[in-house]
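Structural overview
As a plain string of letters, each chain reads:
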Amino acid sequence: MDPDANQLVERARGGDRAAAAELIGLFYERVYAFLRRLAANDADAADLTQRTFSRVWQSLPGFAGRSSVASWMHSIAYHVYVDWRRADRHTEPRSCEWWAARPAPEATPDEIVAHTDLASAVYGSVDDLEPDLRHTVQLHYYQDLTLQETADAMGLATSTVKYRLRQALAELQRKLTSQRTSPMPPATSRML
Amino acid sequence: MSTMEQEIENVLRSAPKPAPPAGLKGQLIAQVRLPAPRSAAPPLASPLAPANFLRRWWPVLVPAATSLACAVGLTVQQVEIHSLKQAIQDLSRDGGAKATVAPAPAAGTNDAPAGADAADRTQQEVARLKELASQLAAEVAQLEQMRGENAKLRTQLSEPPPGFLTAEETEALAKAKEKAESIRCINNLKQMGLAVKVWALDNADISPPDMLSMSNELSTPIILVCPTDKGRQPASDFASYSAANCSYEYLAPSAPETEPSRVLFRCPIHGHIGLCDGSVQAEVAKKHPDWLAQRDGKLYLQEPAQPPEAAPLPGNPPPADPNP
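**Observations concerning the overall build of chain A**
Across its full length, chain A carries ten helices and zero strands. Helices and strands in chain A line up, N terminus first, as α-α-α-α-α-α-α-α-α-α. When the 192 residues of chain A are sorted by exposure, 38% land in the buried category. At a minimum sequence separation of 6, the contacts of chain A that also span at least 24 residues come to 64%.

Printed below as a string of structure tokens:
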């Protein structure tokens, strides 16, 4: 994707609107999904996606190609989200129920049943992580960015991203273990 | 990574993707505001482009290039040194071969006069060496003769011919020799007593447990052998010292220094005794054994109220009475 994306960016810098439209088609779903997870709100996510692409067009001349287009886009989206949260004094969202209500659209009913309990617990635990850890997990696992792309998007070193992911996994494991030992109703029952 | 972590990772990777609302893509496309294209806009820099690569990696490349240049320089120097060593070896080998070949030039060559000169020089050298050898042989013979005469003179000196001394003179000489040895024995005891006192000063006024303990206070192990004791050899040093290298009896090991009349040393040959106060009494054990009293396994000097004619050695007065 990235070589094509680079060519599209090059063309868009030359004023090609068709290339810009292709770029939107390539990335708007991922950017929206990322911002939806961050903002925990459909309307805010859509608004932030529009802001993100607006800033993308503004930043287009300055894109030097040192990182991939995907990580560049996610970096802009992340900064747009941070600015938005600071400006409007939004609190950190906690959307545990969101994951239970929205299983993967491509999953079969059997997979949904098998995964629901664990997945709900995992996603809920991710939402309870510290912001730095949660954003790293979202970029790397949910957005399918590589370690390097995640580091570029967040402006961190790759080693820091690795450390945060290890820390997040350990924290998730600890939380899930404690949830399994403590009596807690399964997510399926909560869904019903 | 544990199984649970793998499971968590799989769940995270298969997380549901929130679908964007319908119409968002159209809004985004409609809102595209591309900046005006610049005529001299720089092309996208690929991380692998040469200029970008150099700009990014020059802090690493410069030291690496310097190190590489140094390594190349060192290698070139080593190769040159090796070749020079090889050349030196070749030259020295050639020089040795020429030296061995030079004394015997091939016959029939054009440099025959030079060969004749060399032969003359060799003969002259041989003659000179022969003359030198004969001189040395004469000197050796002379030295042998002088050594024989020396040995003869030495035997004459060690064995004076009969009639050289009269009987009285010989007896007087033997007495003088015996007295000298006795005085040397007394001197030994004095030095030993002094060593005991020095050792006791550093060790709570207690005498040393044995002779070897005060080796640092004794000047030499030679004083531990009575000059008259011909059957005993002094130790060369205190490292090789043993009881066989001591003529004297040590009678007060680890004794307090508060008993000045206690006998410290005794010479079994002359009968001299050394007391704890550092004094030495000549021939007491030999001539006046009744002056020595044994109490509790200790030996004390007890002089009678009016000592007989056996006076102490001149210059070595009897110890003062500790309880006048």
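**Some thoughts on the interface of chain A and chain B**
Each partner contributes residues to the interface: chain A has 45 residues there, and chain B has 31 residues. Those elements that place two or more of their residues in the side of chain A that touches chain B are helix H1 (2-13), helix H2 (17-39), helix H3 (42-59), helix H6 (109-127), helix H7 (131-142) and helix H9 (158-181) of chain A. Sorting elements by how many residues they give to the side of chain A that touches chain B places H2(A) first, with eleven residues. Grouping the amino acids of the side of chain A that touches chain B by side-chain chemistry returns 26 nonpolar, ten polar and nine charged.

**Some points on the sheet that holds strand E1 (residues 249-250) of chain B**
Residues and elements named next belong to chain B. Pairing within the open sheet is antiparallel, and its four strands lie in the order E1-E2-E3-E4. Every interior strand has two partners, whereas the edge strands, E1 and strand E4 (280-281), have only one. Pairing geometry for E1 and strand E2 (residues 263-266), over two bridges, is antiparallel. Paired with Tyr250 across the strands is Phe265, a residue of E2.

**Some thoughts on the packing of H3(A) against helix H4 (residues 69-88) of chain A**
Residues and elements named next belong to chain A. At a minimum axis separation of 9 Å, H3 and H4 run at an interaxial angle of 125°. Comparing the axis directions of H3 and H4 gives the class oblique. Considering only the axes of H3 and H4, their crossing is right-handed. Judged by residue contacts, Leu48, Arg51, Thr52, Arg55, Val56 and Ser59 of H3 engage Met73, Ile76, Ala77, Val80, Tyr81 and Trp84 from H4. In terms of residue class, the contact of H3 with H4 is made up of eight nonpolar, two polar and two charged.

**Observations concerning unusual backbone geometry**
Residues and elements named next belong to chain B. With a phi close to 60°, Ala204 is a non-glycine residue in the positive phi region. Mapped onto the elements of the fold, Ala204 is located in the loop between helix H5 (167-202) and E1. Accessibility expressed as a C-beta count within 10 Å gives 8 for Ala204, which makes it exposed. Of note, the phi angle at Asp205 is positive, near 60°, even though the residue is not glycine. Turning to its location among the elements, Asp205 is positioned in the loop between H5 and E1.

Rules behind the numbers
Residues numbered from 1 in each chain as written. Chains lettered and ligands numbered in written order. Predicted model: local features only at pLDDT ≥ 70, side-chain atom pairs only at ≥ 80, totals over all residues. Helix = DSSP H or I, 4+ residues; strand = E, 2+ residues; numbered from the N terminus. Buried ≥ 20, exposed ≤ 12 C-beta atoms within 10 Å, placed from the backbone. Contact = placed C-beta atoms within 7 Å. Nonpolar A, V, L, I, M, F, W, Y, C, P; charged D, E, K, R; others polar. Pairing = 2+ DSSP bridges. Axes fitted to C-alpha atoms, helices over the stretch in contact; angles between N-to-C directions. Parallel < 35°, antiparallel > 145°, perpendicular 65-115°, else oblique. Left-handed = near helix turned anticlockwise from the far one by under 90°.

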